[in-house]
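# Descriptive analysis of the structure
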Amino acid sequence: MRVNRLILLKSKQSRSGITLLEVLISLSIFLGALAAISQLISIGSRAALQAQLRTQAIIKCQSKLAEVLAGVQPMESVSLIAFEDDDENWKWSLDVEPGDYENLLKLMVTVQYAGETETIFSSYQLTRQVRDPAMLLDAANTVQSASETDLEEL
């Protein structure tokens, strides 16, 4: 029984604090977790920025297509023009091609954002087919000249 007491006393005396090895292991676990958390924060902020830029690109693309359809912008192909009221990193392009059917035009509006670094980039494209305005003008001129001819006959 006395031997057991001595063993217990020695084990209690030798285990009064933590060892250097335990401190180093816990510190390495803490630093590893901190590095992983910082990477997750970086990835999350980059994804949030990309989502914001994509949303802005969609809105700008819809707006520019509406301007072209309303006649504010001419319906002719242009390439990489900066927006007038915004950051110079935003650019837009318009491609006008013949449509899939006769008397149709295919309008493709592309909006791009190119930031200072290569990792910040966003692009969006909308395609819409519309009637050819020249065809509508020809039809209107034909109707007008026909009505003038009818008036002259009377």
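Look up a bit, the structure's there.
Residues numbered from 1 in each chain as written. Predicted model: local features only at pLDDT ≥ 70, side-chain atom pairs only at ≥ 80, totals over all residues. Heavy atoms only, no water.

### Remarks on the side chain of S93
Take S93: it is sitting in strand β2 (residues 90-98). Accessibility expressed as a relative area gives 12% for S93, which makes it buried. In this structure the side chain of S93 is engaged in a polar contact, spanning 2.9 Å, whose partner is the backbone nitrogen of L80. Setting aside anything within four residues of it in sequence, one finds S93 in contact with V78, S79, L80, M108, V109 and T110. (Helix = DSSP H or I, 4+ residues; strand = E, 2+ residues; numbered from the N terminus. Buried < 20%, exposed > 50% of the residue type's maximum accessible area, 1.4 Å probe, protein only. Polar contact = N/O pair within 3.5 Å; in protein donor to acceptor, adjacent residues only side chain to side chain. Contact = heavy atoms within 4.5 Å.)

### Topic: the pairing of strand β4 (residues 121-131)
Bridge analysis of strand β3 (residues 104-114) against β4 gives 11 bridges, and the strand direction is antiparallel. Bridged to K106 within β4 is Q129. The antiparallel hairpin formed by β3 and β4 contains six residues in its connecting segment. (Pairing = 2+ DSSP bridges.)

### Structural notes on the pattern of salt bridges
Inspection of every chain in the model, using the stated rule, returns one salt bridge. Close ionic contact of K64 with E67 constitutes a salt bridge, the shortest N to O distance being 2.9 Å. With K64 and E67 both in helix α2 (residues 20-70) and three residues apart, the pair spans about one turn of that helix. Taking the relative accessible area as the measure of exposure, K64 reaches 7% and is therefore buried. With a relative accessible area of 24%, E67 lands in the partly exposed category. (Salt bridge = Lys/Arg side-chain N within 4 Å of Asp/Glu carboxyl O.)

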